[in-house]
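Next come the chains, spelled out residue by residue.
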Amino acid sequence: MSLSRPALIVHNCVTSVFNHRFATFLHRSLANFPKMSENVEKLIQHLAPPLTSDKHKGQAGRIGVFGGSLEYTGAPYFAAITSLKVGADLSYVFCAKEAATVIKSYSPELIVHPLLDVPGAAAKIEPWLDRLHVVLVGPGLGREEETFKVMDQVLSLCRSRRKPLVIDADGLYYVSLNPDVLRDYPSPVILTPNVMEFARLIGSNGEGNKKEQSQKFLALAENITILCKDHVDEIFNKTSHVSVAGGGSGRRCGGQGDLLSGAVTAFLAWALEEPTRLSGCPPHDRPVIASYAACKLARLCNQRAFAKFGRSMTSTDMIKEIHEAFEEIFEGK
């Protein structure tokens, strides 16, 4: 439809004003990112616990991964093995019985419990929860109604024990159906959606930046952090907002998100269990630091693996890069 000259002038003026205001808004939204990123870059150097002879097995992190179903066995493996490769001491996988033997066959390093679909599942899982520093919910969990009912009970048990949570993949879908499962949750929660999962999770209408769109969701509890995966990752809670760019590649093979969530879980265990290493960092920002560290690591693993394998790169290739990428980022080697 063509516009009359007066209408066209008005249209152009309105468009110009809108573009100026949007540019100003975007500039203000991102202005603090560089400074904040500088602070975070310094803090992540202090995350890893020193490897000393006075430690015993388990002190560097005991991780619980809830996921693994008939269809999906790779996702919980990628998450759990990554947490070990990053430096956690023990990684437990709580999965459906059909998935257990398959996951065990991938690695003898993982402790696999085929309990998610047995009668009285929550009661059988409960004794193990006290051992865990952080619980990861979602990789390969599936979307069966009965599984979600078990997770209702498991998260209730986690709540009473104040267990920190990381939620990814099917766990995000589970939370999107019932956000109240996180209402007033007493410990830190990190959610790791991609762009599509983010929109479903918070009911995004696209207005404002991601943090502004998430205000209602962030208000569910005191310490919720969202790590939104994109070409530039964004990490934010109620008060902080930081981005992670660089590294990575154009290769988007499956399993990379599981690798990231496993790394987040290990870093979160470190950030919370020994907070003296992050002196000067407010407690509510420690999950932000953990998320930032995991993004940096995953991006560098992707970059290094892609340089070797190009289009044929898989997440297994990325896992092989964790050691040297970790040394480069966190140990200056």
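S.K.: In this structure, what is going on with the nonpolar core? I would like to understand it.
M.R.: Within soluble globular proteins, side chains that are nonpolar tend to cluster in buried spots. Ranked by internal contacts, the top residues of the largest apolar core, which has 63 residues, are I44, V86, L110, F267 and L297. Setting aside its immediate chain neighbours within four residues, F267 contacts L47, V86, A290, A293, A294, L297, F326 and F330. Residues F94, L132, Y185 and L201 belong to the second largest nonpolar core, which totals 42 residues.

S.K.: Sorry, what's going on with the packing of helix 11 (residues 256-273) against helix 12 (residues 286-309) here?
M.R.: In a pair of packed helices, the angle between the axes and the distance between the axes together describe the arrangement. As a packed pair, helix 11 and helix 12 sit with axes 8 Å apart at the nearest point and diverge in direction by 140°. Taken together, the axes of helix 11 and helix 12 are oblique relative to one another. The chirality of how helix 11 crosses helix 12 is right-handed. Residues Q256, L259, L260, A263, V264, F267, L268, A271 and L272 of helix 11 lie in contact with helix 12, whose contacting residues are R286, P287, A290, S291, A293, A294, C295, L297, A298 and N302. Considered class by class, the residues forming the contact of helix 11 with helix 12 number 15 nonpolar, three polar and one charged.

S.K.: Just checking my understanding: could you explain the side chain of E197 for this structure?
M.R.: Residue position: E197 is located in helix 8 (residues 195-202). Setting aside anything within four residues of it in sequence, one finds E197 in contact with A169, L172, T192 and K229.

S.K.: Would you mind going over helix 12 with me for this structure?
M.R.: Between the first and last C-alpha of helix 12 there are 35 Å, a value that for 24 residues agrees with the 34 Å anticipated at 1.5 Å per step. Where burial is concerned, most of helix 12 is hidden: 17 out of the 24 residues are buried. Remark: G310 follows helix 12 within two positions and exhibits a positive phi of approximately 55°.

S.K.: I would appreciate a short explanation of the packing of helix 12 against helix 14 (residues 322-330) in the present structure.
M.R.: In the contact formed by helix 12 and helix 14, the axes pass within 9 Å of each other and the chain directions differ by 125°. In terms of orientation, helix 12 lies oblique with respect to helix 14. As for how helix 12 packs across helix 14, the hand of that crossing is right-handed. Side by side, helix 12 and helix 14 meet where A293, K296, L297, L300, C301 and R304 of the first sit next to I322, E324, A325, F326, E328, I329 and F330 of the second.

S.K.: Would you mind going over the environment of I289 with me for this structure?
M.R.: Turning to its location among the elements, I289 is positioned in helix 12. Its relative accessible area of 2% is what places I289 among the buried residues. C-alpha separation for the pair I289 and L43, spaced 246 residues apart in sequence, amounts to 7.1 Å. Non-local contacts of I289, meaning those with residues more than four positions away in its chain, are made with V40, L43, I44, L47 and C281.

The rules we used
- Residues numbered from 1 in each chain as written.
- Predicted model: local features only at pLDDT ≥ 70, side-chain atom pairs only at ≥ 80, totals over all residues.
- Heavy atoms only, no water.
- Core = buried A, V, L, I, M, F, W, Y, C linked by side-chain atoms within 4.5 Å.
- Buried < 20%, exposed > 50% of the residue type's maximum accessible area, 1.4 Å probe, protein only.
- Contact = heavy atoms within 4.5 Å.
- Axes fitted to C-alpha atoms, helices over the stretch in contact; angles between N-to-C directions.
- Helix = DSSP H or I, 4+ residues; strand = E, 2+ residues; numbered from the N terminus.
- Parallel < 35°, antiparallel > 145°, perpendicular 65-115°, else oblique.
- Left-handed = near helix turned anticlockwise from the far one by under 90°.
- Nonpolar A, V, L, I, M, F, W, Y, C, P; charged D, E, K, R; others polar.
- Expected span 1.5 Å × (residues − 1).

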